[in-house]
Amino acid sequence: MRTKSWLWRSLPVGLAALLAACSSQQSPAPEIPVGAAKKSDRSALVGKWFGEYSSQDTGRSGSIVFEFKEGETAHGDVLMWPKGSRNVMAPSEVKALPEDQLKTMPQILQISFVEAKGGYLTGNMDPYIDPDCNCEVHTTFGGSIDGEVIVGDFTIERLDHPGKAAKGKWKVTRQKG
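For the structure given in this document, a descriptive report is provided here.

Thresholds, definitions, all that
- Residues numbered from 1 in each chain as written.
- Predicted model: local features only at pLDDT ≥ 70, side-chain atom pairs only at ≥ 80, totals over all residues.
- Heavy atoms only, no water.
- Helix = DSSP H or I, 4+ residues; strand = E, 2+ residues; numbered from the N terminus.
- Buried < 20%, exposed > 50% of the residue type's maximum accessible area, 1.4 Å probe, protein only.
- Contact = heavy atoms within 4.5 Å.
- Areas by Shrake-Rupley, 256 points an atom, 1.4 Å probe, with all protein chains shown as cover.
- 1 Å grid on protein atoms, 1.4 Å probe; cavity = no way out; pocket = protein on both sides within 12 Å on 5 of 7 lines; lining within 4 Å.
- Points joined across faces, edges and corners; volume = space filled by probe spheres on them.
- Salt bridge = Lys/Arg side-chain N within 4 Å of Asp/Glu carboxyl O.
- Polar contact = N/O pair within 3.5 Å; in protein donor to acceptor, adjacent residues only side chain to side chain.

In terms of regular secondary structure, the protein chain is built from 3 helices and 10 strands. The helix and strand sequence of the protein chain, counted from the amino end, reads α-β-α-β-β-β-α-β-β-β-β-β-β. Burial status across the protein chain gives 41% buried among its 177 residues. For the protein chain, long-range pairs separated by at least 24 residues make up 52% of all intrachain contacts whose partners lie at least 6 apart in sequence. Entry remark: accessible area of the protein chain is about 9,900 Å², with carbon and sulfur atoms responsible for 53%.

Looking now at the layout of surface pockets. Of the voids in this model, the second largest pocket is the one considered here, and its volume is about 160 Å³. Lining the second largest pocket are Thr58, Arg60, Asp130, Asp132, Cys133, Val137, Ile156, Arg158, Lys164, Ala165 and Ala166. Elements represented by at least two residues in the lining of the second largest pocket include exactly β9 (149–158) and β10 (165–174).

With that settled, consider the pattern of salt bridges. A side chain with one charge can pair with a side chain of the opposite charge if their charged atoms come near. For the structure on display, the rule yields 5 salt bridges. The partner of Lys69 in a salt bridge is Glu67, and the shortest N-O contact between them spans 3.9 Å. Judged by its relative accessible area of 41%, Lys69 falls in the partly exposed class. You can call Glu67 buried: its relative accessible area is 8%.

With that settled, the discussion passes to the side chain of Arg174. Take Arg174: it is sitting in strand β10. Engagement of the side chain of Arg174 in a polar contact is seen with the backbone oxygen of Ala44, the distance being 3.3 Å. Within polar-contact distance, the side chain of Arg174 engages the backbone oxygen of Gly147 at 2.8 Å. Not counting residues within four places of it along the chain, the set of residues in contact with Arg174 comprises Ala44, Leu45, Val46, Gly47, Lys48, Trp49, Gly147 and Glu148.

What follows is the structure, encoded as structure tokens:
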């Protein structure tokens, strides 16, 4: 029951934070440490990046927001839409959902570290609860930086079964202006 309460309170706040990140000049997402082999590697990331990810293995997809400024930190997060997700609902509608439908509620996932080196970006997500197994998972990602686009792959690994992994693809584009 405690999980339900946390989800109900966090979902509207998380969705509002994502919308604010997309529309404001200052991202509310937590700071992310950014490592870089050279100053030029870090400079290649400067800007606001928006995109999507998907995984045939999990059936999930979602949106990605990164904002890199000059310096050693960035802001960003990922909105995960589990398979079978419903449209965003009012809190009163969410409270009326049966417990089995909680698996279809979107989650905001936090990026914990990003590194750029030689035109390639790698990173990690904070561990989160996978809606399919109701277990903690860890995601790593990597992608090629090609001017205004970064395209890559990610791997989701269960912390309780390290050999069990799902894979997916992602792509972000730098916002013009």
